[in-house]
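Structure at a glance
Okay, here's what each chain looks like letter by letter:
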Amino acid sequence: MDKVRIESVEAVLVDLPTIRAHQLAMTVMQNQTLVIVRLRCSDGVEGLGEATTIGGLAYGEESPEGIKLAIDTYLAPALIGQDAANVRAALARLDKVARGNRFAKSALETAMLDAQGKRLNVPLATLLGGAVRAQLPVLWTLASGDTARDIEEAESLLHARRHNTFKLKIGRREIAADVAHVSRIKQALGDRARVTVDVNQAWSEADAAGAIAQLEAAGVDLIEQPIPRTNLPGLARLAARFVVPIMADEAVCTPEDALDIARLGAADVLALKIAKSGGLLEMGRTAAVGDAAGMALYGGTMLEGSIGSMASAHGFAALPRLGWGTELFGPLLLKDDIVVVPPRYRDFALELPDGPGLGLALDEDKLAFYRRKV
Ligand code: MUC
Ligand code: MG
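Residues numbered from 1 in each chain as written. Chains lettered and ligands numbered in written order. Predicted model: local features only at pLDDT ≥ 70, side-chain atom pairs only at ≥ 80, totals over all residues. Heavy atoms only, no water.

1. Brief notes about the overall build of the protein
- The helix and strand inventory of the protein stands at 14 helices and 13 strands.
- Against the 2.2 N^0.38 benchmark of 21 Å for 374 residues, the protein shows a C-alpha radius of gyration of 20 Å, consistent with a compact globule.
- Projected onto its principal axes, the C-alpha positions of the protein cover 65 × 45 × 40 Å.
- Per-residue burial for the protein yields a buried fraction of 57% across its 374 residues.
- Partitioning the contacts of the protein with sequence separation of at least 6, the portion at a separation of at least 24 is 73%.
- Roughly 14,700 Å² of accessible area belongs to the protein as shown, and the carbon and sulfur atoms make up 50% of that amount. (Helix = DSSP H or I, 4+ residues; strand = E, 2+ residues; numbered from the N terminus. Rg over C-alpha atoms; globule rule 2.2 N^0.38 Å. Buried < 20%, exposed > 50% of the residue type's maximum accessible area, 1.4 Å probe, protein only. Contact = heavy atoms within 4.5 Å. Areas by Shrake-Rupley, 256 points an atom, 1.4 Å probe, with all protein chains shown as cover.)

Set out below in structure tokens:
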């Protein structure tokens, strides 16, 4: 039987406005740029993939423009002509031409897996061994920058039964102001909602020790990446000192990172993201290390749109254990979508579609409208 080959790979920049300003320790987002990958194969099947960053280069080492450049110039040429059904062999080729560029590789891997799922007429999760859950618990991030507005937002989402866990982005302001903000929100929501905080590496270890004591007393359920990702011994000291669980996010990208964290006891929970890991398969390896070490797992987001979020959803649905649920709310933060049927959120969960591959179809008109023209 003739092999199906990869014939072309296109990377398209898509700019979508957010529904409100999204304030994080390192940036304020008013829009999000999606790098959409369209991978066409010799049997006529097209696979879709997506990569995003947060605030251009503010979060990590890749930017949307850089991802497109890496794909157009180096990665796409290495894929063209390759066996479309052999994703691992294609990924090994990508690792030969590019040492890093995990976000770009993740988008390409998603597109290959989407195409293979469509070809075999099975959901992407089936290619990963199968989904053990069809609904993924999903939290919402409160990050308007205004306490009263955040409380209103949380109340309306609780009422709509869309989210009952809220993550607060802090680390931008003075610690006292952040602690007051979080405490007011937790007090207003009480036992009706779980509240977590993400500091995005903004504090020193000493500041973190003082702040976490206050946040723990205020009833916060989880502390995400309080100090710089490179300070694993510091994270370990904080994890030992407090009962409230500490989650590593920026500190964990690869299976080797997870192993270092496990050896040091530097976190109770690992935030997994397909972009940080370089794709779904590597995310699964990272998860396995954390799981084996007794850490709980959490399905993180790079604030992707529907394609990247659904790719993540298939991966997280296939993990045997996912103790802290997910934050795959990215599509809901964007004012519009470029897929025909957007992901469905209901009863505090994201539903996994059962169509082939990702289970999504591009809206060509929307794509044409939002794609970057220059
Ligand atoms: C991060 O660091 O976790 C996830 C949710 C959100 O609002 O920002 C992201 C990034
Ligand atoms: Mg985070």
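2. Considerations on a nonpolar patch on the surface
- On the surface, a cluster of nonpolar side chains totalling about 310 Å² of accessible area is made up of Leu-69, Tyr-74 and Val-97.
- By the element assignment, Val-97 lies in helix 2 (residues 87-97). (Patch = residues over 30% accessible without salt bridge, like charges linked within 9 Å, V, L, I, M, F, W, Y side chains within 5 Å. Salt bridge = Lys/Arg side-chain N within 4 Å of Asp/Glu carboxyl O.)

3. A look at the nonpolar core
- One finds Ile-71 and Ile-261 to be the most contacted residues of the largest nonpolar core, which totals 128 residues.
- Element by element, the count of residues in this core is highest for helix 3 (residues 102-120), at eight residues.
- With residues up to four places along the chain from it excluded, the contact list for Ile-71 reads Val-9, Ala-11, Val-37, Ala-76, Pro-77, Ala-104 and Leu-108. (Core = buried A, V, L, I, M, F, W, Y, C linked by side-chain atoms within 4.5 Å.)

4. A closer look at the sheet that holds strand 5 (residues 140-142)
- Sheet architecture is open: seven strands sit in the order 5-6-7-8-9-10-11, paired in parallel fashion. In this open sheet, the two strands that pair with only one neighbour each are strand 5 and strand 11 (296-299). Put simply, the sheet's adjacent strands are angled 30° from each other on average, direction ignored.
- As defined by bridge partners, strand 6 (residues 165-169) adjoins strand 7 (residues 194-198) across five bridges and the pair is classed as parallel. Considered in strand 7, the bridge of Thr-165 is made with Arg-194. (Pairing = 2+ DSSP bridges. Axes fitted to C-alpha atoms, helices over the stretch in contact; angles between N-to-C directions.)

5. Description of the site of ligand 1
- The environment of ligand 1 is made up of 16 residues, and the closest members are His-22, Lys-167, Asp-198, Asn-200 and Asp-249.
- Side-chain polar atom of Asn-200 to an oxygen atom of ligand 1: 2.8 Å apart, as the coordinates give it.
- Burial of ligand 1 by the protein amounts to 100% of the accessible area it has alone, namely 280 Å².
- A per-class count over the shell around ligand 1 returns five nonpolar, four polar and seven charged. (Near = heavy atom within 4 Å. Polar contact = N/O pair within 3.5 Å; in protein donor to acceptor, adjacent residues only side chain to side chain. Nonpolar A, V, L, I, M, F, W, Y, C, P; charged D, E, K, R; others polar.)

6. Section: the coordination of the magnesium ion (ligand 2)
- Looking at the magnesium ion (ligand 2), the protein donor atoms are Asp-198 (OD), Glu-224 (OE) and Asp-249 (OD), and they sit 2.0 to 2.2 Å from it.
- Written as a sequence motif, the donor residues of the magnesium ion (ligand 2) are D-x25-E-x24-D. Separated by 51 residues along the polypeptide, Asp-198 in strand 7 and Asp-249 in the loop between strand 9 (246-248) and helix 9 (255-264) bring together distant segments of the chain. (Donors = N, O, S within 2.8 Å, 3.2 Å for Na, K, Ca; no water.)

7. Some thoughts on the packing of aromatic side chains
- For the structure on display, the rule yields two aromatic pairs.
- Ring geometry for Trp-140 and Phe-329: centres 5.1 Å apart, planes at 65°, overall edge-to-face. Remark: Phe-329 occurs in the loop between helix 12 (306-317) and helix 13 (330-333) and Trp-140 occurs in strand 5; sequence separation between them is 189 residues. For the pair Trp-140 and Phe-329, one class covers both residues: buried. (Phe/Tyr/Trp six-rings, centres within 6.5 Å; stacked < 30°, edge-to-face > 60°.)

8. Structural notes on the environment of Asn-164
- Note that Asn-164 resides in the loop between helix 5 (147-159) and strand 6.
- Judged by its relative accessible area of 29%, Asn-164 is partly exposed.
- Once the C-alpha coordinates of Asn-164 and Glu-282 are considered, the two residues, 118 residues apart in sequence, prove to be 30 Å apart.
- Here Asn-164 is in contact with Leu-158, Arg-192, Ala-193, Arg-194 and Phe-348, once residues within four sequence places are set aside.

9. Structural notes on the confidence of the model for the protein
- Chain-level pLDDT for the protein is 98 on average; 100% of the residues reach the 70-or-more range.
- Looking at the elements of the protein, mean pLDDT is at its lowest for strand 1 (residues 6-23), recorded as 97, and at its highest for helix 12, recorded as 99. (pLDDT = per-residue confidence, 0-100.)

10. Re the sheet that holds strand 12 (residues 345-346)
- Within the open sheet, the three strands sit side by side as 4-13-12. Their pairing is antiparallel. The sheet is open, and its two borders are formed by strand 4 (135-137) and strand 12, each paired with just one other strand.
- As judged from the three bridges shared by strand 4 and strand 13 (residues 349-351), these two strands associate in the antiparallel manner. Residue pairing for strand 13: Pro-137 is matched across the bridge by Ala-349.

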